[in-house]
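# A structural walkthrough
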Amino acid sequence: GEYQLMEECTASKSIDDIRDVIAKVVKYQNDPASFTFDLAKAKKDKVALAKKKLEEGKRKRYEGRMMRKAKREGRSDLEYYLRQGAAVPTVEEIDMLCSLSYEGQLKAWKANDHSQHCMGYHLEEGGCKRDRACAFLHVDAIGKNTFHETDEVAG
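All values reported here derive from a predicted model rather than from experimental measurement.

### Quick look at the overall build of the protein chain
Across its full length, the protein chain holds 7 helices and 0 strands. Starting at the N terminus and ending at the C terminus, the protein chain contains elements arranged as α-α-α-α-α-α-α. For the protein chain, the C-alpha radius of gyration of 19 Å lies well beyond 15 Å, the compact-globule estimate for 155 residues. Along the first, second and third principal axes, the C-alpha set of the protein chain runs to 60 × 35 × 35 Å.

Shown next as structure tokens:
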């Protein structure tokens, strides 16, 4: 992007992080001289984008394999395997899981149909260490700064 903030924006873990990025954009727009182009950051952003595309490609190939498997088995629902473990955990479930041992967390995680989601993203201090290299889904828990299609949005 124009102010080299895309990586910072996509890596944001909270609404406050995104507000900080927006504040930087506003600052740079109001005072363009305050922005200095960082060549090292540009190279890092290019590498991160290539890595992201690679990971997205892996996910697409996985989805394709699961759909072909369902088709081979004669299932009418081609997304059958994609739905396995796809349930998004709730904030309450995450709070409950924090009180369990790792083995207990893993057992409950699978039992509650979350196996496609990254357990580390929700339970590890600072989130998933693999970040974009992680093959599991990184989706905020239901009830954590989320809205649904039925929610009213101002504007």
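Moving on from the coordinates now.
### Comments concerning unusual backbone geometry
Even without glycine at this site, Asp113 takes up a positive phi of about 65 degrees. Note on placement: Asp113 falls in the loop between helix 6 (102-111) and helix 7 (119-123). Its relative accessible area of 34% is what places Asp113 among the partly exposed residues.

### Some remarks on the state of the cysteines
Think of a disulfide as a covalent bridge from one cysteine sulfur atom to another cysteine sulfur atom. Taken as a whole, this structure holds 0 disulfides when the rule is applied. Looking at the unpaired Cys9, the closest cysteine sulfur is the one in Cys128, lying at 19 Å. Of the cysteine sulfurs around Cys118, a residue in no disulfide, the closest is that of Cys128, at 3.7 Å.

### Section: helix 3 (residues 39-72)
Taking 1.5 Å of rise per residue, the 34 residues of helix 3 would be expected to cover 50 Å, and the 50 Å separating its terminal C-alpha atoms lies within 8% of that figure. For helix 3, the complete set of buried residues consists of Asp45, Ala48, Glu55, Gly64, Met66 and Ala70. On its buried face, helix 3 is in contact with helix 1 (6-10) and helix 4 (80-83). In the segment just after helix 3, Gly74 is the residue with positive phi, at about 75 degrees.

### With respect to the environment of Arg75
Along the polypeptide, Arg75 turns up in the loop between helix 3 and helix 4. Taking the C-alpha atoms as reference points, Arg75 and Pro89, 14 residues apart in sequence, are found 27 Å from one another.

### Let's talk about the packing of aromatic side chains
Evaluated as defined, the whole model comprises 2 aromatic pairs. Where Tyr28 meets Phe35, the ring centres are 5.1 Å apart and the plane angle is 65 degrees; that geometry is what we call edge-to-face. On the accessibility criterion, Tyr28 (15% relative accessible area) is buried. Exposure remark for Phe35: the relative accessible area of 17% places this residue in the buried category. Positioned above the aromatic ring of Tyr81 is the side chain of Lys69, whose terminal nitrogen or guanidinium carbon lies 4.5 Å from the ring centre.

### What to know about the nonpolar core
With 7 residues, the main nonpolar core is built from Ile94, Leu97, Ala108, Trp109, Met119, Leu123 and Ala141. Mapped by element, the contributors of at least two residues to this core are helix 5 (91-97), helix 6 and helix 7. Aside from chain neighbours lying at most four places away, what touches Leu97 is Gln105, Ala108, Trp109 and Leu123. Counting 5 residues, the second largest nonpolar core, distinct from the first, contains Leu5, Val21, Tyr28 and Phe35.

Rules used in this analysis
- Residues numbered from 1 in each chain as written.
- Predicted model: local features only at pLDDT ≥ 70, side-chain atom pairs only at ≥ 80, totals over all residues.
- Heavy atoms only, no water.
- Helix = DSSP H or I, 4+ residues; strand = E, 2+ residues; numbered from the N terminus.
- Rg over C-alpha atoms; globule rule 2.2 N^0.38 Å.
- Buried < 20%, exposed > 50% of the residue type's maximum accessible area, 1.4 Å probe, protein only.
- Disulfide = S-S within 2.5 Å.
- Expected span 1.5 Å × (residues − 1).
- Contact = heavy atoms within 4.5 Å.
- Phe/Tyr/Trp six-rings, centres within 6.5 Å; stacked < 30°, edge-to-face > 60°.
- Lys NZ or Arg CZ within 6 Å of the ring centre and 35° of its normal.
- Core = buried A, V, L, I, M, F, W, Y, C linked by side-chain atoms within 4.5 Å.

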